[in-house]
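# Fold and geometry: a report
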Amino acid sequence: MAGGSSEDNPVPINVVPMVDVIFCLCVFFMCSFKFKQLEGAFNSWLPKNKGTQGIPEEPKEIRIAMFWEPETQKVRRQFGQRIVEDDAELTQLIKSAHDDWVLKNKPDVPVIIDGDPRIPWKSVIGVVNITKALAIDNIEFALGAMDKK
Amino acid sequence: MSRHKKPEVEESISPNLIPMIDIMFLLLLFFMLGADMSQRELAGELVLPEAAQVPESKTDKDEGVQYTTINIHHDPEDGSPCAVNANGGICREDGHWQWSIRAKNFNKNTLKEQLQIEAEMNMETVPDPVAKKLLSARNVLIRADSAAPFGDIQKVIELCGLVGIYKIEVAAARPAPEGK
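Here is a short report on the structure shown in this document. (Residues numbered from 1 in each chain as written. Chains lettered and ligands numbered in written order. Predicted model: local features only at pLDDT ≥ 70, side-chain atom pairs only at ≥ 80, totals over all residues. Heavy atoms only, no water.)

Turning to the interface of chain A and chain B, a few remarks are in order. Contact residues are listed per partner, giving 48 residues for chain A and 66 residues for chain B. Summing the contributions of chain A and of chain B, the shared interface buries around 5,200 Å²; its carbon and sulfur component is 68%. Taken as a group, Glu39, Lys48 and Trp121 of chain A account for 15% of the area that chain A buries against chain B, more than any other trio of residues on that side. Viewed at the interface, chain B and chain A are joined by zero salt bridges. Linking chain A to chain B there are 11 residue pairs in polar contact (both at pLDDT 80 or more). Put simply, the parts of the chain that give the side of chain A that touches chain B at least two residues each are helix H1 (16-32), strand S1 (39-43) and helix H3 (121-133) of chain A. No other element matches the eight residues that H1 of chain A contributes to the side of chain A that touches chain B. For the side of chain A that touches chain B, the class distribution of residues is 30 nonpolar, eight polar and 10 charged. Summarising the sheet, S1 of chain A and strand S5 (residues 165-173) of chain B pair through five bridges and their orientation is antiparallel. In the sheet register, glutamate 39 of chain A faces S5 of chain B, and the bridge partner there is alanine 173 of chain B. (Contact = heavy atoms within 4.5 Å. Buried area = accessible area lost by both parts, 1.4 Å probe. Salt bridge = Lys/Arg side-chain N within 4 Å of Asp/Glu carboxyl O. Polar contact = N/O pair within 3.5 Å; in protein donor to acceptor, adjacent residues only side chain to side chain. Helix = DSSP H or I, 4+ residues; strand = E, 2+ residues; numbered from the N terminus. Nonpolar A, V, L, I, M, F, W, Y, C, P; charged D, E, K, R; others polar. Pairing = 2+ DSSP bridges.)

Let's shift gears to the nonpolar core. Judged by nonpolar contacts, the single largest core of 59 residues is most densely connected at Phe79 and Trp121 of chain A together with Leu115, Ile142 and Ile153 of chain B. Once residues lying within four places of it in the same chain are set aside, the contact partners of leucine 115 of chain B are Ile70, Val140, Leu159, Cys160, Val163 and Ile165 of chain B. (Core = buried A, V, L, I, M, F, W, Y, C linked by side-chain atoms within 4.5 Å. Buried < 20%, exposed > 50% of the residue type's maximum accessible area, 1.4 Å probe, protein only.)

Here we come to empty space enclosed by the protein. Within this structure, the stated rule accounts for one cavity of 30 Å³ or more. Considered as a void within the structure, the largest cavity measures approximately 70 Å³ in volume. Lining the largest cavity are Phe42, Asn43, Ser44, Val128, Lys132, Asp137, Ile139 and Phe141 of chain A together with Val170 of chain B. (1 Å grid on protein atoms, 1.4 Å probe; cavity = no way out; pocket = protein on both sides within 12 Å on 5 of 7 lines; lining within 4 Å. Points joined across faces, edges and corners; volume = space filled by probe spheres on them.)

Okay, the sheet that holds strand S5 (residues 111-115) of chain A next. All names here are of chain A. The sheet built from five strands is open, its strands ordered S4-S3-S2-S5-S6 with mixed pairing. In this open sheet, the two edge strands, each paired with only one partner strand, are strand S4 (82-84) and strand S6 (139-141). When the angles between neighbouring strand axes are averaged without regard to direction, this sheet yields 30°. Taken together, the three bridges between S5 and S6 define a ladder with parallel strand orientation. Across the sheet, isoleucine 113 pairs through a bridge with phenylalanine 141, a residue of S6. (Axes fitted to C-alpha atoms, helices over the stretch in contact; angles between N-to-C directions.)

Residues and elements named next belong to chain B. Summarising the element assignment, isoleucine 101 is placed in strand S2 (residues 97-101). Take isoleucine 101: its relative accessible area is 3%, and that puts it in the buried class. Distance from isoleucine 101 to lysine 167, taken between C-alpha atoms, is 17 Å for residues 66 residues apart in sequence. Sequence-distant contacts of isoleucine 101, defined by excluding residues within four places in its chain, comprise Thr68, Thr69, Ile70, Phe106, Leu111, Gln114 and Glu118.

Given below as structure tokens:
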């Protein structure tokens, strides 16, 4: 590798500049190094047998509506007619509704997140997180009318 | 009796730099490999929304599973700075949010074409009994910025559905433990 004794080689290689360069490279990579954030993914398999449909007559669902208020740049969450202020309240409402469906022997009733297209993604993920914390796996995203193209 | 004269040995004390260089090379290699290469697929910065319940990603562990990662990130088309986004606000300007696959930006029409190509790379071998057609076996991972409009994610999901991709995952980051 680098170097060599001066007896063998009449022209000794000065390794010091190389070491300097390697140090510089090390410093460069250490500075640009970004620790990978631990991340994961929620499965969100699409249904195979239905597209976007209207609301069924008798909704068997737990629907959370999310509206965007551009003036305040805030998301308003609504559970039925009730405006939900914080996560604890939303958790309680989802849990209560889910428990009701479990009592009716329908534990697979989905939680549907019906969000305005302008709301930030983090607010949707926040609701997904609350739902997952309640061990409810059946979560659906409501989509708008599909393009016919 | 002749006394042997001890030969004079010239000792040159010089540090052996070779092991150090080797270690430097190893360190260099370590940092190069440890750097988050997936971020380099991006054209811009992306901050994932946080979710404590998100399961650890198995993307690297599942052998044979083919993924297409779609990044939705803030990157104005004209390259102009966005004051709203820079100040931590929620930007809803047209053309400020980009959809990219492998650092290449797509719009609604071109993304559908690209997804069609990606879907056809890994088709299931038997028709799905429910859908009554061949679906794609490919997984799509949507990595959307925490401030990205939900409408963009909805549109991407819709396009996936149109080309027969149903295995969709949405990425989120684990929040850092408290006190760290």
